[in-house]
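# An overview of the molecular structure
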Amino acid sequence: MALISEFRKVDGSLLRTYKNMRNGNITHILTNEIAGKRIGVKAVSCDAMENPYRIVDLAKNRCDVYEKALDGSTVLKSNGKITKFPNLIFNTVCERIFRK
């Protein structure tokens with residue numbers, strides 16, 4: 001995967017965008033740091049048309065995976081539990097993560 005852009009936000013977080021040269025898929029990785037120590041990572045996987053289909057939210061002792069269902073709703077996999085949010089549109093989740 002090749003790094004295609006890097007953007008430092010006002011709050012100190014770093015957004016990097018990578019592109020897979022074989023299939024064209026794009027991955028956005030948002031890293032939050034405090035005093036040089038990484039406190040959280042959020043990765044959004046997109047297809048070649050920039051349509052997101054998976055979010056991985058990593059923090060200390062926690063790994064949440066949000067996936068886009070066929071109907072556009074959101075499925076959360078966390079701590080061995082699967083929760084479906086039929087009224088929560090997956091693209092809205094992506095917008096909220098990157099708006100901060």
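Up top you'll find the structure we're talking about.
Owing to the predicted nature of the structure, the values given are computational and were not obtained by experimental measurement.

### A short note on the sheet that holds strand 5 (residues 52–59)
Strands sit in the order 1-2-3-4-5-6-7-8 across an open sheet of eight strands; the sheet is antiparallel. The sheet is open, and its two edges are formed by strand 1 (2–8) and strand 8 (81–89), each paired on a single side. Each strand of the sheet is rotated relative to its neighbour by a mean of 20 degrees, with strand direction disregarded. Running at roughly 45 degrees to strand 5, helix 1 (residues 90–99) makes contact with strand 2 (14–19), strand 3 (26–34), strand 4 (37–46), strand 5, strand 6 (62–68), strand 7 (73–78) and strand 8 of the sheet.

### Some thoughts on unusual backbone geometry
In this structure, E50 takes a positive phi of about 65 degrees despite not being glycine. One non-glycine residue with positive phi stands out, namely N61, at about 60 degrees.

### Focus on the nonpolar core
In this structure, L15, I26, L30, V44, C46, I55, Y66, L76, F90, V93, C94 and I97 together form the largest nonpolar core, which totals twelve residues. Those elements that provide at least two residues to this core are strand 3, strand 4 and helix 1. When neighbours within four sequence positions are excluded, L76 is seen to be in contact with D64, V65, Y66, K81, I82, T83 and F85.

### What about the pairing of strand 3?
As paired elements, strand 2 and strand 3 share six bridges and run antiparallel to each other. Residue Y18 lies in a different strand from strand 3, and its bridge partner there is T27. Where strand 2 folds back on strand 3, the antiparallel hairpin that results is connected by six residues, among which G24 adopts a positive phi of roughly 85 degrees. Where strand 3 lies against strand 4, nine bridges are found, and the strand directions are antiparallel. Bridging from a neighbouring strand, I26 pairs with C46 of strand 4. In this structure, the hairpin formed by strand 3 and strand 4 is closed by a connection of two residues, where A35 is found at a positive phi of approximately 55 degrees.

What counts and what doesn't
Residues numbered from 1 in each chain as written. Predicted model: local features only at pLDDT ≥ 70, side-chain atom pairs only at ≥ 80, totals over all residues. Heavy atoms only, no water. Pairing = 2+ DSSP bridges. Helix = DSSP H or I, 4+ residues; strand = E, 2+ residues; numbered from the N terminus. Axes fitted to C-alpha atoms, helices over the stretch in contact; angles between N-to-C directions. Contact = heavy atoms within 4.5 Å. Core = buried A, V, L, I, M, F, W, Y, C linked by side-chain atoms within 4.5 Å. Buried < 20%, exposed > 50% of the residue type's maximum accessible area, 1.4 Å probe, protein only.

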